[in-house]
Amino acid sequence: VLGVINYATKIAMGFVAPPAPKALPVLFTVEGHLSAWDVGPCAFTAKALEDEGVCRWQGVGYDNVSLPFNDASGIAELDRLFSDTIAFPLGTPWAASCFSQGDIVFALFFMDYVLSPTGKHRNRFQDWRGTLAHGAPTRQKDVVAPWVPDPPKAGTQGIYSRRMTQTAPGELLGDRWRYVVRTGDMYTENTDDDAGKDRTAVCVAVVDGILFGSGSLAERLWVLASQFGDQVWALAQAIIGGVKFLINMAPHGAYELGPGIDWMRGQLTANGAR
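Here the structure is a predicted model, which means the values were calculated and not measured.

A. Here's a closer look at the overall build of the chain. The helix and strand tally for the chain stands at eight helices and seven strands. Counting contacts in the chain only where the partners sit at least 6 residues apart, residues at least 24 apart contribute 72% of the total. When the accessible surface of the chain is split by element, carbon and sulfur atoms take 61% of a total near 13200 Å².

The following block contains the structure:
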(Lines give C-alpha, C1' and ligand atoms only; values in the text may rest on other atoms or scores of the structure.)
Protein backbone atom coordinates (compact mmCIF):
# COMPACT_ATOMS: atom_id res chain seq x y z
CA VAL A 1 0.00 0.00 0.00
CA LEU A 2 1.41 3.32 -1.03
CA GLY A 3 1.14 6.18 1.41
CA VAL A 4 2.85 9.06 3.17
CA ILE A 5 4.04 9.10 6.75
CA ASN A 6 4.57 12.34 8.57
CA TYR A 7 7.70 13.60 10.28
CA ALA A 8 6.58 12.60 13.79
CA THR A 9 5.94 9.01 12.60
CA LYS A 10 9.34 8.89 10.92
CA ILE A 11 10.96 9.86 14.22
CA ALA A 12 8.88 7.32 16.16
CA MET A 13 9.82 4.54 13.70
CA GLY A 14 13.51 5.48 13.80
CA PHE A 15 13.74 6.51 10.14
CA VAL A 16 15.12 9.93 11.06
CA ALA A 17 16.87 11.20 14.17
CA PRO A 18 14.97 13.67 16.36
CA PRO A 19 16.39 17.20 16.51
CA ALA A 20 18.87 17.72 19.31
CA PRO A 21 17.29 19.65 22.21
CA LYS A 22 18.43 23.24 22.51
CA ALA A 23 21.12 23.50 25.15
CA LEU A 24 20.07 25.23 28.35
CA PRO A 25 21.84 28.47 29.24
CA VAL A 26 24.71 28.00 31.68
CA LEU A 27 24.78 29.96 34.95
CA PHE A 28 28.27 30.17 36.42
CA THR A 29 28.57 30.89 40.15
CA VAL A 30 31.66 32.11 42.01
CA GLU A 31 31.23 32.25 45.79
CA GLY A 32 33.35 34.21 48.24
CA HIS A 33 36.29 33.78 50.58
CA LEU A 34 36.04 30.67 52.79
CA SER A 35 32.70 29.77 51.19
CA ALA A 36 31.77 26.35 49.83
CA TRP A 37 31.16 26.44 46.07
CA ASP A 38 27.57 25.27 46.55
CA VAL A 39 26.57 27.45 49.53
CA GLY A 40 25.83 31.16 49.36
CA PRO A 41 23.71 33.73 47.52
CA CYS A 42 25.00 32.74 44.09
CA ALA A 43 24.57 29.00 44.64
CA PHE A 44 21.08 29.41 46.07
CA THR A 45 20.09 31.56 43.10
CA ALA A 46 21.46 29.07 40.58
CA LYS A 47 19.90 26.04 42.27
CA ALA A 48 16.47 27.67 42.29
CA LEU A 49 16.69 28.39 38.56
CA GLU A 50 18.16 24.99 37.68
CA ASP A 51 15.33 23.30 39.59
CA GLU A 52 12.90 25.27 37.41
CA GLY A 53 14.64 24.01 34.26
CA VAL A 54 15.76 27.52 33.34
CA CYS A 55 19.51 26.84 33.23
CA ARG A 56 22.35 24.45 33.89
CA TRP A 57 24.24 25.45 37.01
CA GLN A 58 28.04 25.44 36.80
CA GLY A 59 29.80 26.16 40.08
CA VAL A 60 33.37 27.44 39.97
CA GLY A 61 35.74 25.94 42.49
CA TYR A 62 38.98 27.73 43.32
CA ASP A 63 41.44 28.40 46.14
CA ASN A 64 39.36 30.74 48.30
CA VAL A 65 41.18 30.08 51.57
CA SER A 66 44.61 31.60 50.93
CA LEU A 67 45.84 34.99 52.14
CA PRO A 68 46.78 36.95 50.12
CA PHE A 69 43.87 35.94 47.91
CA ASN A 70 44.59 33.48 45.13
CA ASP A 71 42.26 35.07 42.60
CA ALA A 72 44.41 33.68 39.79
CA SER A 73 43.18 30.18 40.64
CA GLY A 74 39.57 31.24 40.07
CA ILE A 75 40.42 33.01 36.84
CA ALA A 76 42.27 29.91 35.64
CA GLU A 77 39.26 27.70 36.44
CA LEU A 78 36.89 30.02 34.56
CA ASP A 79 39.32 29.99 31.64
CA ARG A 80 39.32 26.18 31.69
CA LEU A 81 35.52 25.98 31.76
CA PHE A 82 35.13 28.50 28.96
CA SER A 83 37.72 26.66 26.86
CA ASP A 84 35.79 23.37 27.07
CA THR A 85 33.71 23.61 23.90
CA ILE A 86 32.30 20.10 24.43
CA ALA A 87 30.66 20.81 27.79
CA PHE A 88 30.11 24.48 26.94
CA PRO A 89 29.67 24.78 23.16
CA LEU A 90 30.22 28.10 21.46
CA GLY A 91 26.92 29.90 21.07
CA THR A 92 25.50 28.69 24.38
CA PRO A 93 23.81 31.50 26.31
CA TRP A 94 25.40 32.07 29.70
CA ALA A 95 25.32 34.29 32.75
CA ALA A 96 27.16 34.60 36.06
CA SER A 97 26.49 35.25 39.72
CA CYS A 98 29.34 36.18 42.04
CA PHE A 99 29.88 37.15 45.68
CA SER A 100 32.64 38.96 47.60
CA GLN A 101 36.02 37.47 46.59
CA GLY A 102 34.12 35.70 43.82
CA ASP A 103 33.13 39.13 42.51
CA ILE A 104 36.79 40.08 42.20
CA VAL A 105 37.56 36.79 40.44
CA PHE A 106 34.72 37.08 37.96
CA ALA A 107 35.12 40.81 37.31
CA LEU A 108 38.82 40.41 36.49
CA PHE A 109 38.07 37.43 34.26
CA PHE A 110 35.23 39.25 32.51
CA MET A 111 37.20 42.44 31.93
CA ASP A 112 40.37 40.74 30.66
CA TYR A 113 39.07 37.59 28.96
CA VAL A 114 35.56 38.45 27.72
CA LEU A 115 35.00 42.20 27.48
CA SER A 116 38.43 43.12 26.13
CA PRO A 117 38.53 43.20 22.30
CA THR A 118 41.67 41.06 22.51
CA GLY A 119 40.38 38.77 25.26
CA LYS A 120 40.80 35.02 24.86
CA HIS A 121 37.05 34.46 25.22
CA ARG A 122 35.80 37.55 23.43
CA ASN A 123 33.74 35.19 21.24
CA ARG A 124 31.58 34.46 24.32
CA PHE A 125 30.55 38.08 24.87
CA GLN A 126 27.66 38.00 22.41
CA ASP A 127 26.08 35.07 24.32
CA TRP A 128 26.44 36.66 27.78
CA ARG A 129 23.02 37.34 29.29
CA GLY A 130 23.91 39.04 32.57
CA THR A 131 25.80 39.17 35.84
CA LEU A 132 24.34 39.31 39.34
CA ALA A 133 27.00 40.49 41.80
CA HIS A 134 26.53 40.37 45.59
CA GLY A 135 28.70 42.28 48.08
CA ALA A 136 30.89 43.43 45.22
CA PRO A 137 34.37 44.88 45.98
CA THR A 138 34.61 45.88 42.29
CA ARG A 139 31.30 47.81 42.24
CA GLN A 140 31.21 50.82 39.95
CA LYS A 141 30.59 54.07 41.79
CA ASP A 142 26.91 54.75 42.56
CA VAL A 143 25.57 51.67 40.72
CA VAL A 144 23.13 49.41 42.59
CA ALA A 145 20.19 47.13 41.69
CA PRO A 146 16.90 49.07 41.87
CA TRP A 147 15.27 46.54 44.20
CA VAL A 148 17.78 46.81 47.06
CA PRO A 149 15.87 48.30 50.05
CA ASP A 150 18.95 49.71 51.83
CA PRO A 151 21.44 50.66 49.10
CA PRO A 152 24.91 52.07 49.77
CA LYS A 153 25.30 55.78 50.35
CA ALA A 154 25.66 58.04 47.32
CA GLY A 155 29.21 58.66 46.16
CA THR A 156 30.51 55.25 47.25
CA GLN A 157 32.06 52.37 45.34
CA GLY A 158 33.78 49.02 45.78
CA ILE A 159 36.83 48.85 48.03
CA TYR A 160 39.07 47.02 45.54
CA SER A 161 41.59 48.99 43.49
CA ARG A 162 40.23 47.78 40.17
CA ARG A 163 36.52 48.34 39.61
CA MET A 164 34.01 47.61 36.88
CA THR A 165 33.00 50.33 34.43
CA GLN A 166 30.11 50.71 31.96
CA THR A 167 27.61 49.01 34.31
CA ALA A 168 25.44 52.09 34.98
CA PRO A 169 22.02 52.46 33.31
CA GLY A 170 22.45 53.52 29.69
CA GLU A 171 26.05 52.28 29.49
CA LEU A 172 27.30 49.27 27.52
CA LEU A 173 26.72 46.71 30.29
CA GLY A 174 24.00 48.61 32.13
CA ASP A 175 21.04 46.40 31.22
CA ARG A 176 22.91 43.18 32.01
CA TRP A 177 24.76 43.89 35.27
CA ARG A 178 23.12 44.18 38.68
CA TYR A 179 24.73 44.83 42.08
CA VAL A 180 23.00 43.48 45.17
CA VAL A 181 24.85 45.54 47.77
CA ARG A 182 23.80 47.09 51.07
CA THR A 183 24.68 50.11 53.12
CA GLY A 184 27.14 49.33 55.90
CA ASP A 185 29.10 46.85 53.77
CA MET A 186 32.61 48.27 53.76
CA TYR A 187 33.66 46.02 50.88
CA THR A 188 31.25 47.73 48.51
CA GLU A 189 30.42 51.04 50.21
CA ASN A 190 33.82 52.66 50.19
CA THR A 191 34.13 56.43 50.08
CA ASP A 192 35.96 58.30 47.34
CA ASP A 193 38.20 60.29 49.69
CA ASP A 194 41.42 59.89 51.67
CA ALA A 195 39.86 57.45 54.13
CA GLY A 196 38.56 55.41 51.20
CA LYS A 197 42.00 55.38 49.60
CA ASP A 198 43.46 54.12 52.88
CA ARG A 199 40.90 51.30 52.99
CA THR A 200 41.66 50.40 49.39
CA ALA A 201 45.39 50.34 50.15
CA VAL A 202 44.77 47.98 53.08
CA CYS A 203 42.50 45.87 50.87
CA VAL A 204 45.16 45.56 48.17
CA ALA A 205 47.77 44.64 50.79
CA VAL A 206 45.53 41.86 52.13
CA VAL A 207 43.97 40.69 48.87
CA ASP A 208 46.94 40.93 46.52
CA GLY A 209 49.88 41.06 48.95
CA ILE A 210 51.03 44.32 47.32
CA LEU A 211 52.69 46.68 49.80
CA PHE A 212 54.51 49.03 47.43
CA GLY A 213 53.65 51.08 44.35
CA SER A 214 50.96 53.54 43.32
CA GLY A 215 47.99 53.48 45.67
CA SER A 216 49.66 50.94 47.95
CA LEU A 217 49.71 50.86 51.73
CA ALA A 218 53.34 52.02 51.74
CA GLU A 219 52.43 55.05 49.62
CA ARG A 220 49.46 55.92 51.83
CA LEU A 221 51.61 55.63 54.98
CA TRP A 222 54.25 57.88 53.39
CA VAL A 223 51.60 60.50 52.67
CA LEU A 224 50.47 60.17 56.28
CA ALA A 225 53.98 60.58 57.62
CA SER A 226 54.82 63.54 55.40
CA GLN A 227 51.57 65.53 55.63
CA PHE A 228 49.89 64.63 58.92
CA GLY A 229 46.84 66.83 59.44
CA ASP A 230 43.75 65.39 57.78
CA GLN A 231 45.67 62.30 56.75
CA VAL A 232 45.84 61.19 60.38
CA TRP A 233 42.07 61.43 60.64
CA ALA A 234 41.65 59.63 57.31
CA LEU A 235 43.70 56.68 58.49
CA ALA A 236 41.86 56.67 61.81
CA GLN A 237 38.56 56.54 59.89
CA ALA A 238 39.86 53.61 57.86
CA ILE A 239 40.86 51.68 60.98
CA ILE A 240 37.69 52.54 62.91
CA GLY A 241 35.57 51.63 59.91
CA GLY A 242 37.29 48.27 59.63
CA VAL A 243 36.78 47.46 63.31
CA LYS A 244 33.12 48.46 63.23
CA PHE A 245 32.59 46.36 60.12
CA LEU A 246 34.15 43.25 61.62
CA ILE A 247 31.73 43.54 64.52
CA ASN A 248 28.74 43.50 62.16
CA MET A 249 29.19 41.42 58.98
CA ALA A 250 25.44 41.18 58.29
CA PRO A 251 25.42 43.79 55.48
CA HIS A 252 27.93 41.62 53.61
CA GLY A 253 25.85 38.49 53.37
CA ALA A 254 22.20 38.90 54.38
CA TYR A 255 20.37 39.44 51.09
CA GLU A 256 16.81 39.05 49.90
CA LEU A 257 17.40 36.71 46.96
CA GLY A 258 13.94 36.69 45.40
CA PRO A 259 14.24 39.83 43.23
CA GLY A 260 17.67 38.76 41.98
CA ILE A 261 16.37 35.30 41.06
CA ASP A 262 13.49 36.91 39.18
CA TRP A 263 15.86 39.25 37.33
CA MET A 264 18.24 36.43 36.39
CA ARG A 265 15.34 34.27 35.21
CA GLY A 266 14.30 37.07 32.89
CA GLN A 267 17.83 37.46 31.55
CA LEU A 268 18.21 33.75 30.87
CA THR A 269 14.87 33.35 29.12
CA ALA A 270 14.90 36.57 27.09
CA ASN A 271 15.87 36.82 23.40
CA GLY A 272 15.34 33.13 22.71
CA ALA A 273 17.92 32.05 25.31
CA ARG A 274 15.94 28.88 25.92
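B. Here's a closer look at the packing of aromatic side chains. One pass over the full model with this rule turns up 19 aromatic pairs. Both rings, one in Phe82 and one in Phe88, keep their centres 5.3 Å apart while their planes meet at 80 degrees; by these two values the pair is edge-to-face. What makes Phe82 buried here is its relative accessible area of 2%. One aromatic cluster in this structure is built from Phe28, Phe82, Phe88, Trp94, Phe106, Phe109, Phe110, Tyr113, Phe125, Trp128, Trp177 and Tyr179. Here Arg122 stacks its cationic end above the ring of Phe125, 4.7 Å away from the centre of that ring.

C. Here's a closer look at the packing of helix α3 (residues 71-83) against helix α4 (residues 101-115). The N-to-C vectors of α3 and α4 enclose an angle of 55 degrees; their axes lie 9 Å apart at closest approach. The angle between the axes of α3 and α4 places the two elements in the oblique class. Every pair of crossing elements has a handedness; the one defined by α3 and α4 is right-handed. Contact with α3, carried on its side by Asp71, Gly74, Ile75, Leu78, Asp79 and Phe82, involves Gln101, Ile104, Val105, Phe106, Leu108, Phe109 and Tyr113 of α4 and no other residues of that element.

D. Helix α2 (residues 41-51), seen in detail. Those residues of α2 not exposed but buried are Pro41, Cys42, Ala43, Thr45, Ala46 and Leu49. In this structure, the buried residues of α2 make contact with β1 (26-30), β2 (56-59), β3 (94-99), β4 (128-134) and α8 (258-269).

E. Representation of the sheet that holds β2 in the model. The strand order β2-β1-β3-β4-β6 describes an open sheet built from five strands, whose pairing is parallel. Single-partner strands in this sheet number two, and they are β2 and β6 (177-180). Geometrically, the sheet is characterised by an average inter-axis angle of 15 degrees between neighbouring strands, direction not taken into account. Judged from the four bridges that link them, β1 and β2 form a sheet pairing that is parallel. Residue pairing for β2: Leu27 is matched across the bridge by Trp57. Sheet strands in contact with α3 are β1, β2 and β3, and its direction is about 170 degrees off that of β1.

F. Here's a closer look at the pattern of salt bridges. Applying the stated criterion across every chain yields a total of ten salt bridges. Between Glu52 and Arg265 there is a salt bridge; the shortest N-O distance is 2.8 Å. Remark: Arg265 occurs in helix α8 and Glu52 occurs in the loop between α2 and β2; sequence separation between them is 213 residues. Assessed through its relative accessible area of 24%, Arg265 is described here as partly exposed. For the salt bridge of Arg162 with Asp112, the shortest nitrogen-to-oxygen distance reads 2.6 Å. One end of the pair, Arg162, is in the loop between β5 (156-157) and β6; the other, Asp112, is in helix α4, with 50 residues separating them in the sequence. Salt bridges linked by common partners bring Glu52, Asp262 and Arg265 together as one network.

G. Representation of the packing of α2 against α8 within the structure. Close contact between α2 and α8 brings their axes to 10 Å; oriented N to C, the two are set at 55 degrees. Classed by the angle they form, the pair α2 and α8 counts as oblique. The element α2 and its partner α8 pack so that their crossing is right-handed. Within the contact between the two elements, α2 uses Thr45, Ala48 and Leu49 and α8 uses Ile261, Met264, Arg265 and Leu268. Of the residues that constitute the contact of α2 with α8, the class distribution is five nonpolar, one polar and one charged.

H. Structural context of a nonpolar patch on the surface. A cluster of nonpolar side chains, Ile5, Met13 and Phe15, forms an exposed patch at the surface whose accessible area comes to about 310 Å². By the element assignment, Met13 lies in helix α1 (residues 7-13).

I. Structural context of the side chain of His134. Mapped onto the elements, His134 comes out in strand β4. The exposure class of His134 is buried, given its relative accessible area of 2%. Those residues within four positions of His134 in sequence are excluded, and the remaining contacts are Pro41, Cys42, Ser97, Cys98, Phe99, Ser100, Val180, Tyr255 and Leu257.

How each quantity is defined
Residue positions are counted from 1 within each chain, in the order its sequence is given. Where local features are concerned, this predicted model is filtered to residues with pLDDT of at least 70; where side-chain atom pairs are given and counted, the filter is 80 or more; whole-chain, interface and lining totals use all residues. Side-chain metrics in this entry use all non-hydrogen atoms of the structure; hydrogen atoms and water are not considered. By the criteria applied, helices consist of DSSP H or I runs no shorter than four residues and strands consist of E runs no shorter than two, each listed in order from the N terminus. Residues count as neighbours in contact if any of their non-hydrogen atoms are within 4.5 Å of one another. Surface accessibility follows the Shrake-Rupley procedure with a 1.4 Å probe radius. Residue values consider only the protein chains on display as shielding. Note on aromatic contacts: the rings of Phe and Tyr and the six-membered ring of Trp form a pair at centre separations within 6.5 Å, being stacked when their planes are under 30 degrees apart, edge-to-face when over 60 apart, and tilted otherwise. Exposure is judged per residue with a 1.4 Å probe applied to protein chains only, and the accessible area is read against the type maximum: over 50% gives exposed, under 20% gives buried, and values in between give partly exposed. As a reminder, the over-ring test applies to NZ of lysine and CZ of arginine, requiring each to be within 6 Å of the ring centre and within 35 degrees of the ring normal. Angles here are taken between N-to-C directions and fall from 0 to 180 degrees, while the axes themselves are lines fitted to C-alpha atoms, restricted in helices to the stretch in contact. Note that the term roughly parallel is reserved for angles under 35 degrees, roughly antiparallel for angles over 145, roughly perpendicular for angles of 65 to 115, and oblique for everything else. A clockwise turn of the near helix away from the far one marks a right-handed crossing, whereas an anticlockwise turn of less than a right angle marks a left-handed crossing. When DSSP finds two or more bridges between two strands, those strands count as paired. What makes a salt bridge here is a side-chain nitrogen of Lys or Arg within 4 Å of a carboxyl oxygen of Asp or Glu, nothing more. Gly is placed with the polar residues, together with every amino acid not listed as nonpolar (Ala, Val, Leu, Ile, Met, Phe, Trp, Tyr, Cys and Pro) or charged (Asp, Glu, Lys and Arg). Exposure above 30% relative accessible area and the lack of any salt bridge qualify a residue for a patch; like charges then connect within 9 Å, and the nonpolar side chains Val, Leu, Ile, Met, Phe, Trp and Tyr within 5 Å.

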